[in-house]
Amino acid sequence: MHNNQRGSIAINIMLVLLLAVIAVLIYLLAGDGGTRNGRTIGTVSPVHTAPGPAKKMPAAALPAHGEFDDGLGRATTTTEYPLDDFGAGLARVDVFTRDINNDGLADRITRSRRENGTDHFTYEYKIELNTGDGYTDITPDGFTTVEGAQCALQKLRFVFTPGFGVIRISRPWQDTWITPTVATRDTFSIIKDNIHRIESRTLTSVCDVEELF
């Protein structure tokens with residue numbers, strides 16, 4: 001009888017130990033690479049594949065020059081227009097209101113972007129003084145940009161401190177759009193409610209005049 005009790009106790013102890021071992025194994029297996037409450041627990045070894053032949057990436061096209069800061073800042077109003085079937089036409093008009101002659105009236109500068117269906121486009125600028133009864137156009141000739149895919153031949157930058165002025169840097173086209181030529185810097189200022197060129201000087205030879213601002 002005593003032998004039977006001792007045998008039964010031994011079997012029970014073995015069963016308890018076996019269950020404990022099984023519980024530990026289940027815990028370890030569940031914890032390896034599993035998840036709890038959305039957190040990853042444990043790590044999973046990465047799968048390595050045999051390297052194949054390298055793919056040749058296509059050559060990137062030369063990017064157009066970055067967005068140029070013409071000094072006008074944030075537009076008061078912006079209007080966008082649909083282009084024709086060839087991607088040409090008036091694309092966008094930005095209007096800026098600034099008192100450029102210090103008479104207390106808000107004058108108007110309009111910047112219009114025109115597309116021609118290629119990588120080339122142009123910005124046209126119009127400067128108008130507020131007379132109190134309307135607006136008077138005082139824009140000098142040649143206040144437009146000449147934009148190529150990689151190089152710009154003419155750009156303008158507006159300044160408002162200490163006084164109103166415009167810097168225009170341009171160069172002539174020769175042979176190709178990317179052929180460097182000698183650039184010229186013209187500076188304009190407002191004098192007696194008209195815009196006059198007050199300085200002109202020769203700069204270096206360049207492809208993109210944006211580099212000279």
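This is a predicted model, so every value here is computed, not measured.

Caption draft 1: Main features of the confidence of the model for the chain. The share of residues in the chain with pLDDT of 70 or more is 69%, and the mean pLDDT across the chain is 80. pLDDT under 50 marks residues 1-5. Its contacts with residues more than four places away, or in other chains, come to zero contacts. Ignoring residues within four places in sequence, the model shows residues 28-65, a span with pLDDT below 50, making 27 contacts including any to other chains.

Caption draft 2: Structural detail: the side chain of Asp 186. On the secondary structure map, Asp 186 appears in strand E11 (residues 181-191). There is a polar contact of 2.6 Å between the side chain of Asp 186 and the side chain of Ser 200.

Caption draft 3: Focus on the pairing of strand E5 (residues 107-116). One ladder, built from ten bridges, connects strand E4 (residues 88-98) with E5; its direction is antiparallel. In the sheet register, Arg 98 faces E5, and the bridge partner there is Asp 107. Looking at chain direction, E5 and strand E6 (residues 121-130) are connected through eight bridges and run antiparallel. From the neighbouring strand, Arg 108 faces E6, where its bridge partner is Glu 128.

Caption draft 4: Summary view of the side chain of Glu 128. With respect to the element layout, Glu 128 can be found in strand E6. Ignoring sequence-local partners within four residues, the contact set of Glu 128 consists of Asp 107, Arg 108, Thr 110, Tyr 135, Thr 136 and Asp 137.

Caption draft 5: Structural context of the nonpolar core. Core analysis: the biggest nonpolar cluster contains 19 residues, and Ile 100, Ile 109, Ile 127, Phe 158 and Phe 164 have the highest contact counts within it. For this core, the elements supplying multiple residues, two or more each, are E6, strand E9 (152-159) and E11. With five residues, E6 is the largest single contributor of residues to this core. If we skip the residues at most four places from it in the chain, Ile 109 touches Leu 72, Asp 94, Val 95, Phe 96, Ile 100, Lys 126, Ile 127, Phe 158, Phe 160 and Phe 164. If you look at the next biggest cluster of nonpolar residues, it comprises six residues, including Ala 152, Ile 167, Ile 169 and Val 206.

Caption draft 6: The packing of aromatic side chains, seen in detail. Enumeration over the complete set of coordinates arrives at six aromatic pairs. Ring plane angle 50° and centroid distance 5.2 Å describe the contact between Tyr 125 and Phe 158, whose orientation is recorded as tilted. Of the two residues, Tyr 125 sits in strand E6 while Phe 158 sits in strand E9, which places them 33 residues apart along the sequence. Note on accessibility: Tyr 125 and Phe 158 belong to one class, buried. For the pair Phe 158 and Phe 164, a centre-to-centre distance of 6.3 Å together with 40° between the ring planes defines the contact as tilted. Residues Phe 158 and Phe 164 agree in their burial class; the two are buried. Three or more aromatic residues link up through ring pairs in this structure, and these residues are Tyr 125, Phe 158, Phe 160 and Phe 164. Sitting above the plane of the Tyr 135 ring, Arg 108 keeps its charged end 3.8 Å from the centroid.

Quick notes on the rules
Residues numbered from 1 in each chain as written. Predicted model: local features only at pLDDT ≥ 70, side-chain atom pairs only at ≥ 80, totals over all residues. Heavy atoms only, no water. pLDDT = per-residue confidence, 0-100. Contact = heavy atoms within 4.5 Å. Helix = DSSP H or I, 4+ residues; strand = E, 2+ residues; numbered from the N terminus. Polar contact = N/O pair within 3.5 Å; in protein donor to acceptor, adjacent residues only side chain to side chain. Pairing = 2+ DSSP bridges. Core = buried A, V, L, I, M, F, W, Y, C linked by side-chain atoms within 4.5 Å. Buried < 20%, exposed > 50% of the residue type's maximum accessible area, 1.4 Å probe, protein only. Phe/Tyr/Trp six-rings, centres within 6.5 Å; stacked < 30°, edge-to-face > 60°. Lys NZ or Arg CZ within 6 Å of the ring centre and 35° of its normal.

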